Every structure is written in C-alpha cells, then in structure tokens.
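So you can see what is in the structure, the chains are spelled out below.
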Amino acid sequence: MKRVFIVLILYVALAVAITAPVGAAEQTKDFDKVPLKGMVTMIDLGAKSCVPCKLMAPILERVDRNYKGKAAIVFIDVWKHREQAERFGIRAIPTQIFFDAEGKEVHRHQGFMAEEDIVEQLEVMGINKVEETDV
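Quantities reported herein were computed from a predicted structural model and do not represent experimental measurements.

**Quick look at the environment of isoleucine 59**
The topology assignment puts isoleucine 59 in helix α2 (residues 51-66). Given the relative accessible area of 9%, isoleucine 59 is considered buried. Discounting residues that sit within four places of it in the chain, isoleucine 59 has contacts with Phe112, Met113, Glu115 and Ile118.

Right, dumping it as structure tokens:
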C-alpha cells in the first residue's frame, strides 16, 4: 500500500511539473557572477526537458521564494549553456551545488533533490527560511 501511495504521489508530481513553468529559471544570464559573492548560493544545473529537472522546478520556485534575500537559488540549463556544465564539472543532471557566502563549494548532489533535503542543507549552512514578518 505504501508503495502504491508513493507511486501515486510521483505521478501527480510529474503531471504538475510537466505543466508548470520551470522555476528559478536562469535568474541571471551573467554566469560569471554565479555563485553570488556575499550570499549562500544553490545552483541547480539541469535542462528544461529533463524529467527530474521538471519535477524540481516547482520546488526551486518555492525555495527561491522562501529564502529570498538570504540565499540565491539559480537554475542553469546546461543544454543551452554547455560551457557551464564544463565549468562546474557536471557529469549528470540534475546536479545541485551549494556555495557558502565566500563562493566556496560546500556540498554537491546529483539527481533529484527533495525540498526537505534542500532546506536541510541550507539550514546546515546557517540559512533559515524567511519568516512572514521578514517579508
């Protein structure tokens, strides 16, 4: 029963992701400024036509909203910007790379990354979600 429930959730998430716009989409075309100096940065390197990447799109949008001003969430489509795949040493997509405020890589993950795992990594890095009173 638990397995059926998980498959159903994944099916619904896939259906939503396929119809949803890609989130946190290439917020900057000036890739030389990524990672952003002075701010924790998470870069998701993927492609808009990659299924796990599509599943992550709404997650990235939420994380971007919830951490606005505290962490930069950047999506780079490596099929459009192949030089960025080489620059960041990408071997599989999606790949998420977390950088501290000084621009040093502190964590790398390959494959789909759940929202709770992204939030956990940001918290490990000392970044908390923006509270409603902060907005």
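**Some thoughts on unusual backbone geometry**
Here the amide bond leading from valine 34 into proline 35 is cis, since omega sits at 0 degrees, within 30 degrees of zero. Note that proline 35 resides in the loop between α1 (2-19) and β1 (40-46). Note that the residue after isoleucine 93, namely proline 94, is joined by a cis bond; omega there is -5 degrees. Following the sequence through the fold, proline 94 ends up in the loop between α3 (82-87) and β3 (95-99).

**Here we look at the pattern of salt bridges**
In this structure the tally under the stated criterion is three salt bridges. A salt bridge links lysine 68 to aspartate 64; its shortest N-O distance comes to 3.5 Å. Accessibility expressed as a relative area gives 53% for lysine 68, which makes it exposed. Here glutamate 105 makes a salt bridge to arginine 108, at a shortest N to O gap of 2.9 Å. The exposure class assigned to arginine 108 is partly exposed, which follows from its relative accessible area of 32%.

Reading guide: rules and limits
- Throughout this description, residue numbers start from 1 for each chain and increase along the sequence as written.
- At least 70 in pLDDT is required for a residue's local features to be given in this predicted model, at least 80 for side-chain atom pairs to be given and counted, and no such filter applies to totals for whole chains, interfaces and linings, which use all residues.
- Note that the side-chain values use all heavy atoms of the structure and ignore hydrogens as well as water.
- Counting from the N terminus, the helices are the DSSP runs of H or I reaching at least four residues and the strands are the DSSP runs of E reaching at least two.
- Remark: exposure states derive from per-residue accessible area (1.4 Å probe, protein chains only) relative to the maximum for the residue type, with buried under 20%, exposed over 50%, and partly exposed in between.
- Residues are treated as being in contact if the distance between any of their heavy atoms lies within 4.5 Å.
- Note on definitions: salt bridges are taken to be side-chain nitrogens of Lys or Arg within 4 Å of carboxyl oxygens of Asp or Glu.

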